[in-house]
Amino acid sequence: MLSLGIVGLPNVGKSSLFNALTSSSSAAAANYPFCTVDPNVGMVEVPDSRLAALAEIVQPKKTVPAVVQFMDIAGLVKGAAQGEGLGNKFLANIRETDAIVHVVRCFEDPDVTHVMGSVNPVRDREVIEFELALSDLGSVEKRLDKTQRAARTGDKDAQAELPTLEIANKTLSEGKSLREAALTPAQRLLLAPLQLLTMKPVLYAANVTDAELSGEEGAHVKALREAIASSGEAAEVVTFSAKIEAELSELSPDERREFLASLGIESAGLDRLIRAGYHLLGLQTYFTAGEQEVRAWTIHTGDTAPKAAGVIHTDFERGFIRAETVGFDDFVSLRGWKEAREKGSVRSEGKEYVVKDGDVMLFRFNV
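One numbering rule holds for all chains: residues counted from 1, following each sequence as written. Predicted model: local features are reported for residues with pLDDT of at least 70 only, side-chain atom pairs are reported and counted for 80 or more only, and whole-chain, interface and lining totals are derived from all residues. The basis for every side-chain value is the complete set of heavy atoms in the structure, and neither hydrogens nor water enter the calculation.

### Description of the overall build of the protein
Scanning the protein from N- to C-terminus turns up 14 helices and 12 strands. The globule rule is 2.2 Å times the number of residues to the power 0.38, and the radius of gyration it is compared with is taken over C-alpha atoms. In summary, the protein has a C-alpha radius of gyration of 23 Å against a globular reference of 21 Å for 367 residues, a match within 12%. Projected onto the principal axes, the alpha-carbon positions of the protein cover approximately 65 × 65 × 35 Å. Working definition: with a 1.4 Å probe on protein chains only, accessible area under 20% of the residue-type maximum means buried, over 50% means exposed, and in between means partly exposed. The buried share of the protein, reckoned over its 367 residues, is 50%. In this description a helix means any DSSP run of H or I spanning at least four residues, a strand means any run of E spanning at least two, and both kinds are numbered starting from the N terminus.

### Brief notes about the nonpolar core
Counting 70 residues, the largest nonpolar core has Phe-70, Leu-273 and Phe-331 as the members making the most contacts within it. The element that contributes the greatest number of residues to this core is helix 10 (residues 269-281), accounting for 6 residues. When checking whether two residues touch, look at their non-hydrogen atoms; a contact exists if any pair is within 4.5 Å. Setting aside chain neighbours within four positions, we find Phe-331 in contact with Leu-54, Ile-57, Val-58, Ala-289, Val-326, Gly-336, Trp-337 and Val-360. In this text, buried Ala, Val, Leu, Ile, Met, Phe, Trp, Tyr and Cys residues form a nonpolar core when linked through side-chain atoms within 4.5 Å. Leu-134, Ala-158, Leu-162 and Leu-178 belong to the second largest nonpolar core, which has 17 residues in total.

### Considering the confidence of the model for the protein
Summarising the model, the protein shows a mean pLDDT of 87, and 90% of its residues fall at 70 or more. A residue's pLDDT is the confidence the predictor assigns to it, expressed on a 0 to 100 scale. Confidence drops under a pLDDT of 50 for residues 24-38, and excluding neighbours within four residues, the segment shows 41 contacts in the predicted structure.

### Things to note about the environment of Val-101
Here Val-101 shows up in strand 5 (residues 99-105). Given the relative accessible area of 0%, Val-101 is considered buried. Between the alpha carbons of Val-101 and Ala-192 there is a distance of 19 Å; along the sequence they are 91 residues apart. Setting aside anything within four residues of it in sequence, one finds Val-101 in contact with Leu-4, Gly-5, Ile-6, Val-7, Leu-203, Ala-205 and Leu-273.

### Comments concerning the packing of aromatic side chains
Any Phe, Tyr or Trp ring, taking Trp's six-membered ring, that has another such ring centre within 6.5 Å forms a pair; planes under 30 degrees apart are called stacked, those over 60 apart edge-to-face, and the others tilted. Counted according to the given criterion, the structure contains 5 aromatic pairs. With 5.9 Å between their ring centres and 90° between their planes, Tyr-286 and Phe-363 make a pair best called edge-to-face. Placement of the pair is Tyr-286 in strand 8 (residues 283-289) and Phe-363 in strand 12 (residues 360-365), with a sequence separation of 77 residues. An identical accessibility class is assigned to Tyr-286 and Phe-363; each is buried. The interplanar angle of 85° and the centroid separation of 5.5 Å between the aromatic rings of Phe-331 and Trp-337 together place this pair among those described as edge-to-face. Trp-337 carries the same exposure label as Phe-331, and that label is buried. By the ring-pair criterion, three or more aromatic residues cluster together here, those being Tyr-286, Phe-320 and Phe-363. Here, a charge over a ring is recorded when the distance from Lys NZ or Arg CZ to the ring centre is within 6 Å and its angle to the ring normal is within 35 degrees. Directly above the ring of Phe-107 sits Arg-105, whose terminal nitrogen or CZ lies 4.5 Å from the centroid.

What follows is the structure in structure tokens.
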């Protein structure tokens, strides 16, 4: 399951986005800083039209989509690491997420207060990055002190870990994210237990006006994109309108499509945000389809069949024998397993098979 932590300054649309994404009113949204004082967690279904197509053929007792977990925390302000505003005490709640969604305000509205007095997404991005770096610095300093003492006693593991911690400490002390540190895979592995926020991939969600979604991007979004590009960060910017997302969350699927079409928008911000998250983290979907259940499963691109089976249950991976596999298009065009087998479209794949996006799979295992 993909897990995303939502961060940003107060009043940029974080909680409004969370409410809309999760069709929930649990996250208060008000025009003053620090409205959200406790972390909010919501589960969102991953939009995938392929699931409905499979269910229409198989007619299962239930259909289960993949889900994404969103976690919204109180807005951060400049000086949060020193206790300003609500401080950064809620950052611990998003340390276990897979990636961070940084919501940035890119619209002008005199009726909506900006905590820093003006709309400037480039500055806002830098403020949040700096606060995340300072939060990580606290974790690294504690680990570094402990490791230095152990290294002096001759502890070989500590001595091996020390150079990596020193690099991290220097980078974070400069207010930079560890994504900028060009760490090796081995160094990342050493730092992984610390769950550092600035090592996580970032998606930027730019909250824009309704007009910008269907027309040309405004100056604020362009400036944000340029700042990200110049920093060398490999991050996507997804534009959305918190106002429109809130309206969409109250509509039926058919009404949503009509509303989006009337605005000249191809897809909702939710859809684009989740797609960007999958792309950022190298994720894809495979399906299981039987009379009891049709279900979407999330795996990493490049995962082998046993690894994919393990997402269902560890026993499936441990006792993997083979995977009966058919591509989504073949499964649909041949109307299910029976015809696909008769036409020779079902393949028996072994332990080395790399699962493709959209594969429909049936695992054989023995434990």
